[in-house]
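Now for the letters of each chain:
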Amino acid sequence: MTPLEVGIIGIIALLLLIFSGISVGVAMAVVGFLGFAYISGWEPAMGVLKTVPYTTAASFVMSVIPLFVLMGQLAFHSGISNDLFKTANKWLGHLPGGMAMASIAASAGFAAVCGSSPATTATVGAISLPEMTKLKYNRGFAAAAVAAGGTLGILIPPSNGFILYGVIAEQSIGKLFLAGIIPGVILAALYMVTIYLVAVRNPALAPQGPVTPWGEKLVSLKNSWAMIVLFGGIMGGILSGVFTANEAAAIGAFGALLFFLLRRKLNKENVVACLTETMNTSAMIFLVLIGANIFGYFLTVTTLPQALASFLASLPVSRYVIFIGIMTIYLFLGCIMDSLAMVVITTPIFFPVVMNLGFDPIWYGVMMVVAMEMGQITPPVGINLFVITGVAKDVPMHVIFRYIAPFVVTLIVFMFIMIAFPQTALYLPHLVR
Amino acid sequence: MFLGKLSRGMERWIIRPLCLGFSTVGALALIGMMFLVVIDVFLRFVFNRPILGSYEIVEYLMVLVVFLSLANGQLSKTHVSVEVVTQYLRGRIRAFFEFITALISLGIFILLTWGGILQVGHVRATHQVSQALAIPHWPFQIIVVLGGVLFCLVLAADIVAALSRVLEK
Amino acid sequence: GGGNKQQATVSGGASPQSNSSSVINLKLHHHEPPGSRLNQALLKWADMVNQRTEGRLKITVYPGEALGKGKDTYSIVTNGIADIGWLPTALMPGKFPLTEVANLPLLGINSSKTGAKIMWELYQTNPEIQKEYSEVKLLSIFCSGYQLIGTAKKPINKLEDLKGLKLRTGGYGMTEFLKLVGGSPMNIPPPELYESIEKGVLDGFIFDWQGINSNRLYEVMNYAVDVSVAVIPQVFIMNKQKWDSLPPDIQKVLDELSGVQVAELVANQAYDAANQEGRDYMQKRNKQVRQLTSEEEKQWQEAAKPVWDKWVAEQKAKGLDGQKALDQVLQLVTKYKQQQ
Ligand code: NA
Ligand code: NA
């Protein structure tokens, strides 16, 4: 068998294993390991198993994941997220899907301090899912909305996605960050429209609350001050250079801890619940990341992503057709592999093609991030879906799969909007030239 | 009957206390990590004196956070899986699926743990240390092994439990 | 660099036709991005090997951590995940203690090309250093471009100006030197330097021009002191079993194209070419690039000497002859300075 054939068999085997109910991280590790062994031999495959787990965990950049998860748990158990969502409910609760829209707004706000989608999903999920449950939202729908909102984590700066692309394609990371702002706001708005439409079609998913009088709305604002202080402190700290975006997670967790103590929530029950949730969610994310890395190195040696890319680059059709073809490949690859790995492997092949077609490199960076976002919420391998399943314990994954579909469609629509109006991405970066 | 008792006994007397202990140490590492970064930022901003090596200490602490919590995730079944097919299975067939998947998981985790053991020897023999503070690398590589061994134990109990249900009348 | 992205493909470009049954395929792993100058140099080297073996040896370059993290490069090679790897020794502190002699501050190694000659000769003449590579086949040994000081707000007009500055450092030599002169070394990964400096978390960095250019740090730094604070030794290693399995004639070609050959290729194409490019970027933006006078350079070197002594003592504690390696390097620096 050629490596390419092994790659295709590996993907089929991965799908079968995942659907047999084994943990997703383990499934990726098993297939990645066996596939690597078949192509390169046992010793190299053992080499992968020896190094990848440690290196995946021992990362400063990755430390934001458990720390932001901790912050979300502390914010939830101290009641400050409850207050925020009570306020949001007074303002938006009467709209179809109003609270889910509020969680999108929260994701967009949080994305402005956090560069990672899984961390955004975990944090916003921890604070908003329980509130939506209280309001009798369909849990699958609520979870899907948070998973989708979490993708804003890499579109709205700071963003690990833009940093990765900027380094690979040698583009200004500062400009890429600027390019993500307007599309980020547009996508957040599109997600809200999607929620509205879904909720109007099927009101049972998101029960509407009563209309709150304006006086009460304004009064309710004062209850949300704690969360505003926490977010504002993190944002202000990053923007003024007191700490880096990666350090913000620890600062945020510490800030949430202060509220937790000030509100006298320090008791054994709360501490145990808070830490158990944090550790289990982190473990879940890292097992998936370890598996995804092992599987990713296997895909690299199969040369499958490269083969797909070169095939497409050779087609004699319009540049927009080729471009949409590239995005389709990303949609497919994003279903089965970690989106950061996907971009690392394929950018070297696609980037020159796309530049030859005359597209703008900064705009293409935004499109890459959109492709990564798609990968994060498309089943069966989508990190945000996994994270939200970890937070929404009793909601089975396949239920979330069902409700994520409208959001994937929204991302595809958004992609076409970005193709039709590249200036939405390029306006801000061009201002600073 | 005997298998069911065995798995419950293993879980109650060995696995659960170990998972709890490991997770607790991992959680302490996470809290320590939080305070380390907060103090580092404070010292840097107020006194212009960051902590040398805070970066690499966080990296080492991350190893504790991740590998000491993995097994508890398996015990409390919070690792993510897709149940779109298995939700329709009942009784012994479902138990059989659980048996097989746990067996496959055990296989890869035994290899991973074995690889971890070999790697401890490698990083010791090559005297690897951290960049700024020269903290030895190998004790943290041992954490990977400890986490792996406990994960294997949880899986072994899962296998015994599933097997007892497969063999049940 | 900007104009060289068209070649940023994974495979090594056109290769001569050859009987496919006898083609040996090797994987080369490194962690620099696909568009980097280092990747271009290694692709070129892979092409040279392919040409010289008449297509019998095909080396595929895997850039950008596609096969594993940079920190794991040594394990990646010894376990055969890739056959060949490029590794800055600073990524594996403690593994190559005597090689790191070249990382000591202010030794006066001011170009990657000179550094490559020094490293190669040092390796050839110091058996203790050779022993550090006993598990692998060492194809070549060289060093990074020189690490200079860039700052955003505060110009470094004299050595004392480094006091209290928070600078990114990436190796023993720079870190210890900065500590010694009263600065605060910080370990921040290169992709984050831009933002950290822009926002003022960091005052600047000690980094080579290649790294400065590829991370576009010239956009946020306003002052540079164009002095070689240190260089970072780099090794080009191959899996030993794989090497032993190669036919002798192919081993011979690889040997001829390795050593100083590949060292100079990388030095010229990846590092030294970046130096002028970086200075040009700064000049275009009317930013200051200051050279040290020779008196100043002597003064800085004197200031750095306690770090040398500390390092020698540390090696002694491990039972290694650091003094001998240091003396050798200093002699070689003088020798190649005279040849320049
Ligand atoms: Na963000
Ligand atoms: Na996906």
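What counts and what doesn't
- Residues numbered from 1 in each chain as written.
- Chains lettered and ligands numbered in written order.
- Predicted model: local features only at pLDDT ≥ 70, side-chain atom pairs only at ≥ 80, totals over all residues.
- Heavy atoms only, no water.
- UniProt positions renumbered as here; feature names shortened; annotations may be inferred.
- Helix = DSSP H or I, 4+ residues; strand = E, 2+ residues; numbered from the N terminus.
- Rg over C-alpha atoms; globule rule 2.2 N^0.38 Å.
- Buried < 20%, exposed > 50% of the residue type's maximum accessible area, 1.4 Å probe, protein only.
- Contact = heavy atoms within 4.5 Å.
- Areas by Shrake-Rupley, 256 points an atom, 1.4 Å probe, with all protein chains shown as cover.
- Lys, Arg positive; Asp, Glu negative; His and termini not counted.
- Charge placed at Lys NZ, Arg CZ, Asp CG, Glu CD.
- Buried area = accessible area lost by both parts, 1.4 Å probe.
- Salt bridge = Lys/Arg side-chain N within 4 Å of Asp/Glu carboxyl O.
- Polar contact = N/O pair within 3.5 Å; in protein donor to acceptor, adjacent residues only side chain to side chain.
- Nonpolar A, V, L, I, M, F, W, Y, C, P; charged D, E, K, R; others polar.
- Core = buried A, V, L, I, M, F, W, Y, C linked by side-chain atoms within 4.5 Å.
- Domains from an automatic or database assignment.
- Pairing = 2+ DSSP bridges.
- Axes fitted to C-alpha atoms, helices over the stretch in contact; angles between N-to-C directions.
- Donors = N, O, S within 2.8 Å, 3.2 Å for Na, K, Ca; no water.
- Patch = residues over 30% accessible without salt bridge, like charges linked within 9 Å, V, L, I, M, F, W, Y side chains within 5 Å.
- Disulfide = S-S within 2.5 Å.

- As recorded in an unreviewed UniProt entry, chain B goes by Tripartite ATP-independent periplasmic transporter, DctQ component and comes from Neomoorella glycerini.
- Heading Sequence similarities (unreviewed entry) of the UniProt record for chain B holds this comment: "Belongs to the TRAP transporter small permease family."

- Named according to an unreviewed UniProt entry, chain A is C4-dicarboxylate TRAP transporter large permease protein DctM originating from Neomoorella glycerini.
- Quoted verbatim from the Subcellular location (unreviewed entry) field of the UniProt record, the comment on chain A reads "Cell inner membrane".

**So, the overall build of chain B**
Here's step 1: Of regular secondary structure, chain B possesses five helices and zero strands.
Here's step 2: Counting from the amino terminus, chain B carries its helices and strands in the arrangement α-α-α-α-α.
Here's step 3: Expected size for 169 residues packed as a compact globule is a radius of gyration near 15 Å; at 20 Å, chain B overshoots this value by more than 25%.
Here's step 4: Its C-alpha atoms put chain B at 70 × 35 × 30 Å along the principal axes.
Here's step 5: By the burial criterion, 51% of the 169 residues in chain B qualify as buried.
Here's step 6: By sequence separation, contacts in chain B at least 24 residues apart represent 78% of the contacts at least 6 residues apart.
Here's step 7: Accessible surface for chain B amounts to roughly 7,900 Å². Of this, 73% is attributable to carbon and sulfur atoms.
Here's step 8: Computed over 13 positive and 8 negative side-chain charges, the inter-centroid distance for chain B is 9 Å.

**Observations regarding the interface of chain C and chain A**
Here's step 1: Of the residues lining the interface, 36 residues belong to chain C; the matching set on chain A comes to 36 residues.
Here's step 2: For the chain C and chain A pair, buried surface summed over both sides reaches about 3,100 Å², with 57% attributable to carbon and sulfur atoms.
Here's step 3: Linking chain C to chain A there are zero salt bridges.
Here's step 4: Our count for the chain C to chain A interface comes out at three residue pairs in polar contact (both at pLDDT 80 or more).

**What about the interface of chain A and chain B?**
Here's step 1: The partner chain B presents 56 residues to the 52 residues of chain A that form the contact.
Here's step 2: If you sort the residues of chain A by the area they bury against chain B, Tyr-54, Phe-60 and Met-279 of chain A come out on top, with a joint share of 16%.
Here's step 3: Taken together, the connections running from chain A to chain B amount to one salt bridge.
Here's step 4: Residue Arg-44 of chain B is joined to Glu-247 of chain A by a salt bridge in which the shortest nitrogen-to-oxygen separation is 2.9 Å.
Here's step 5: The tally of links from chain A across to chain B stands at five residue pairs in polar contact (both at pLDDT 80 or more).
Here's step 6: Contributions of two or more residues to the side of chain A that touches chain B are made by helix 1 (3-19), helix 2 (24-40), helix 3 (42-57), helix 4 (64-77), helix 14 (248-262), helix 15 (268-302), helix 20 (383-391) and helix 21 (397-420) of chain A.
Here's step 7: Looking at which element gives the most residues to the side of chain A that touches chain B, the answer is helix 15 of chain A, with 10 residues.
Here's step 8: In terms of residue class, the side of chain A that touches chain B is built from 38 nonpolar, 11 polar and three charged.

**A word on the nonpolar core**
Here's step 1: Formed by 225 residues in total, the largest nonpolar core has its most connected members in Phe-141, Trp-363, Tyr-364 and Phe-407 of chain A.
Here's step 2: The residues that make up this core include at least three from each of domain 1 (1-58 + 284-302) and domain 2 (59-266 + 303-430) of chain A.
Here's step 3: The contacts of Phe-141 of chain A, once residues within four sequence positions are left out, are Ala-100, Ile-195, Val-198, Leu-205, Ala-206, Tyr-403 and Phe-407 of chain A.
Here's step 4: Formed by 78 residues, the second largest nonpolar core is a distinct cluster that contains Tyr-172, Ile-212, Leu-292 and Ala-325 of chain C.

**Some details on the UniProt feature "transmembrane region" (unreviewed entry) in chain B**
Residue and element names in this part refer to chain B.
Here's step 1: When the UniProt feature table is mapped onto this chain, "transmembrane region" (unreviewed entry) is found at residues 20-45, 57-75, 96-118 and 138-163.
Here's step 2: The span residues 57-75 is 89% helical and 0% strand by assignment, and the distance between its end C-alpha atoms comes to 29 Å.
Here's step 3: Secondary structure content for residues 96-118 is 100% helix and 0% strand, while the C-alpha to C-alpha distance between its ends is 33 Å.

**Topic: the environment of Ile-232 of chain C**
All names here are of chain C.
Here's step 1: Residue position: Ile-232 is located in the loop between strand 9 (223-230) and strand 10 (233-239).
Here's step 2: Between the C-alpha atom of Ile-232 and that of Thr-89, which follows or precedes it by 143 residues, the distance is 7.1 Å.
Here's step 3: Residue contacts for Ile-232: discarding those within four places in its chain leaves Pro-88, Ala-90, Asn-103, Phe-142, Cys-143, Ser-144, Gln-147, Gly-170 and Met-174.

**Thoughts on the sheet that holds strand 3 (residues 84-88) of chain C**
Within a sheet, each strand pairs with its neighbour through backbone hydrogen bonds, oriented either parallel or antiparallel.
Residues and elements named next belong to chain C.
Here's step 1: Strand order in the open sheet formed by five strands is 2-1-3-10-4, and the pairing between neighbours is mixed. Edge positions in the open sheet fall to strand 2 (57-62) and strand 4 (136-143), since each of these has one partner strand only. This sheet shows a mean twist of 20° between the axes of neighbouring strands, independent of strand direction.
Here's step 2: Examined bridge by bridge, strand 4 and strand 10 share seven bridges and lie antiparallel to one another. In the sheet register, Ser-140 faces strand 10, and the bridge partner there is Phe-236.

**Thoughts on the coordination of the sodium ion (ligand 2)**
All names here are of chain A.
Here's step 1: Around the sodium ion (ligand 2), the protein contributes the donor atoms Gly-334 (O), Gly-375 (O), Thr-378 (O), Thr-378 (OG1) and Val-381 (O), at 2.2 to 2.6 Å from the metal centre.
Here's step 2: Sequence spacing among the residues donating to the sodium ion (ligand 2) works out to G-x40-G-x2-T-x2-V. Each member of the pair, Gly-375 as well as Val-381, is classed as buried.

**Section: the sheet that holds strand 5 (residues 147-151) of chain C**
Residues and elements named next belong to chain C.
Here's step 1: Read from one edge of the open sheet, six strands run 7-6-8-5-9-11, paired in mixed fashion. Sheet topology places strand 7 (184-186) and strand 11 (288-290) at the edges, where each strand pairs with a single neighbour. Each neighbouring strand pair of the sheet contributes to a mean axis angle of 30°, computed without reference to strand direction.
Here's step 2: Direction of pairing for strand 9 relative to strand 11: parallel, over a ladder of three bridges. In the sheet register, Val-225 faces strand 11, and the bridge partner there is Arg-290.
Here's step 3: Of the strands in this sheet, strand 5, strand 6 (166-168), strand 7, strand 8 (204-208) and strand 9 are in contact with helix 5 (residues 172-180), which crosses strand 7 at around 150°.

**Details of a nonpolar patch on the surface**
Residues and elements named next belong to chain B.
Here's step 1: Nonpolar side chains collect at one region of the surface, where Trp-13, Ile-14, Leu-18, Val-149 and Leu-153 lie side by side and expose about 460 Å² of accessible area between them.
Here's step 2: Taken together, the elements giving at least two residues each to the nonpolar patch come down to helix 1 (2-47) and helix 5 (138-167).
Here's step 3: When residues in the nonpolar patch are grouped by element, the largest group, three residues, is from helix 1.
Here's step 4: Note that Trp-13 resides in helix 1.

**Observations regarding the state of the cysteines**
All names here are of chain B.
Here's step 1: Summed over all chains, the structure comprises zero disulfides over all chains.
Here's step 2: Cysteine Cys-19 remains unbridged, with the sulfur of Cys-152 as its closest cysteine sulfur at 12 Å.
Here's step 3: When its relative accessible area of 1% is taken as the criterion, Cys-19 is described as buried.

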